[in-house]
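The primary structure of each chain is shown beneath.
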Amino acid sequence: MSPVRKSRVHLWLPLLYLVVGIAWVLGSDFVLNAAMLGPGAVGVVGSLKGTIFVALSALLLYIVTSRQPVPDAPRVLPASRIGGLLRPVLIFLLAALGIAASGWVIYRQQSQVVRQEAADDLATIGELKAQQIEQWLEDRQNAVEHAGRNEALAYAVLDTSPLHVAADARLRHSILESIREADDFQGVQLLSLDGRVIDGAGAPIVVTPRLERLALGARVTGRVVQSDLYLPDGAATAVPVVDFVVALSHREAPGDRNVAVLIARTPAGGFLESLLANWPSHAGTGESILYRRDGDRAMFLTRPRLGERLPLADAVPLGDQRYAATRILDGEYGPLEAEDYRGVPVLEYGRPIRGTSWYLVSKVDRAELYTPLRRLMTLAISLGLIA
């Protein structure tokens, strides 16, 4: 090779490497930004494209240096065809092995990042929904507690004057209707101390032994007593409800000063299912479910999004530690990896709802977490081998 031609090679080869390197860095970064991938995926692809670039650079250096003549090298016979093909094949296999190994190491690192991000999201979503449920219950407890201190309502029950019967009835009904409308109760009802219905607003409430026990508890404790989530006996609709019961007292009443018992019923099933059906992230398999311990089972209190399960009827066994519901009801709140009610591997987070026997479980399929990462890894390694 002439000196002029040799100098041109020394000039355009570094320039070509510079142009290709800049194009690779800027072009790959543009594609990553345009793809709008998650932080974990961006880290995987970014690390892998850097590894591929280094591997290709090393291969280019090898090709360039291997073509340089060795000074005073003895003359050798041309290599056979098989020997001439063996070296590039070995180089390709070593490069492929290096890229695959680097990709696997990066995948293992980034999969932990993806899991931690998903666990943080689950914990945040679970805590948010649990706090919303607790606040919703607390608001209704406060409303019923306030109604129990309503002296006008108590006096309208205590007043037995024949001259005030009609006025007292109108006042009672007006106050009960305002209580019902203020917190969207399904029905509000006044019971006498011997269990007779005095007045009510909204849907009528059938007095059952369950309600009689709650009324006695409210009179004894002087506080609001809350029922569990249940299907009311004799109700025309199968909507789970929660009852709030408080003793209505007046300072002029004899004895314990109780004059009546107020019952407020709320259709909790509708609120809970609408709250839990909304999943505030892009996860297609994300869902939250309420459970309650029922003997040796974890009973569904709400209908899951991903499977046909009836609230207050279907349940999962508690004896099998493979199920996340079993571990969460045993106090292992997570995030943890287990199986859900479908037998699908999931990442779950759960915690109890304060003041109830309920447990909120939020979960997402593990396959959904790692499948995009695996696809990106396969694509990046394939592009690197093709290049």
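Residues numbered from 1 in each chain as written. Predicted model: local features only at pLDDT ≥ 70, side-chain atom pairs only at ≥ 80, totals over all residues. Heavy atoms only, no water.

> Tell me what's going on with the packing of aromatic side chains, and back it up with residues and numbers.
Applying the stated rule across the entire model yields four aromatic pairs. Between Y291 and F300, the ring centres sit 5.0 Å apart and the planes meet at 45°, which makes this aromatic pair tilted. The pair Y291 / F300 is uniform in exposure class, with both members buried. An angle of 90° between the planes, with centres 5.5 Å apart, marks the rings of F300 and Y341 as edge-to-face. Here F300, found in strand β7 (residues 297-300), pairs with Y341, found in the loop between β9 (336-339) and β10 (345-352); they are 41 residues apart in sequence, far enough to count as distant. Ring pairs connect the aromatic residues Y291, F300 and Y341, which therefore count as one cluster. Its guanidinium or amino end placed over the ring of Y341, R342 lies 5.9 Å from that ring's centre, counting from NZ or CZ. (Phe/Tyr/Trp six-rings, centres within 6.5 Å; stacked < 30°, edge-to-face > 60°. Buried < 20%, exposed > 50% of the residue type's maximum accessible area, 1.4 Å probe, protein only. Helix = DSSP H or I, 4+ residues; strand = E, 2+ residues; numbered from the N terminus. Lys NZ or Arg CZ within 6 Å of the ring centre and 35° of its normal.)

> Can you lay out unusual backbone geometry for me, pointing to particular residues and giving the numbers?
Its identity as a non-glycine residue notwithstanding, D184 has a phi of 55°, on the positive side. Position of D184 relative to the elements: it lies in the loop between α5 (165-182) and β1 (187-191). The backbone of L312 sits at a positive phi, close to 60°, despite the residue not being glycine. Along the chain, L312 falls in the loop between β7 and β8 (315-317). A relative accessible area of 16% means that L312 is categorised as buried.

> Which residues make up empty space enclosed by the protein, and what values go with them?
Throughout the structure, instances matching the rule amount to one cavity of 30 Å³ or more. Here the largest cavity defines a volume of roughly 50 Å³. Considering the residues around the largest cavity, the lining is formed by Y291, V316, Y323, A324, A325, E339, D340, Y341, E348 and V361. Its residues assigned to classes, the lining of the largest cavity shows seven nonpolar, no polar and three charged. (1 Å grid on protein atoms, 1.4 Å probe; cavity = no way out; pocket = protein on both sides within 12 Å on 5 of 7 lines; lining within 4 Å. Points joined across faces, edges and corners; volume = space filled by probe spheres on them. Nonpolar A, V, L, I, M, F, W, Y, C, P; charged D, E, K, R; others polar.)

> Any chance you could break down the sheet that holds β1 for me, citing the residues and the numbers?
The five strands are arranged β2-β1-β5-β4-β3 in an open sheet whose pairing can be described as antiparallel. Here the strands that pair on one side only, and so sit at the sheet edges, are β2 (197-202) and β3 (225-226). As judged from the two bridges shared by β3 and strand β4 (residues 242-249), these two strands associate in the antiparallel manner. Across the sheet, residue V225 finds its bridge partner in β4, namely V245. Against the sheet, α5 contacts β1, β2 and β5 (258-266), and its axis sits at roughly 45° relative to β2. Packing of helix α6 (residues 209-221) onto the sheet brings it into contact with β3, β4 and β5, and relative to β4 it is tilted by some 45°. (Pairing = 2+ DSSP bridges. Contact = heavy atoms within 4.5 Å. Axes fitted to C-alpha atoms, helices over the stretch in contact; angles between N-to-C directions.)

> Provide a residue-level description of the environment of D256, including the pertinent values.
If you trace the backbone, D256 turns up in the loop between β4 and β5. Once the C-alpha coordinates of D256 and R219 are considered, the two residues, 37 residues apart in sequence, prove to be 8.6 Å apart.

> So what's going on with the side chain of E287? Which residues, and what values?
By the secondary structure assignment, E287 is in strand β6 (residues 287-294). The buried category is assigned to E287, whose relative accessible area is 0%. In terms of polar contacts, E287 uses its side chain to reach the backbone amide nitrogen of R305, at 2.8 Å. A polar contact is formed between the side chain of E287 and the side chain of Y341, at a distance of 2.8 Å. (Polar contact = N/O pair within 3.5 Å; in protein donor to acceptor, adjacent residues only side chain to side chain.)

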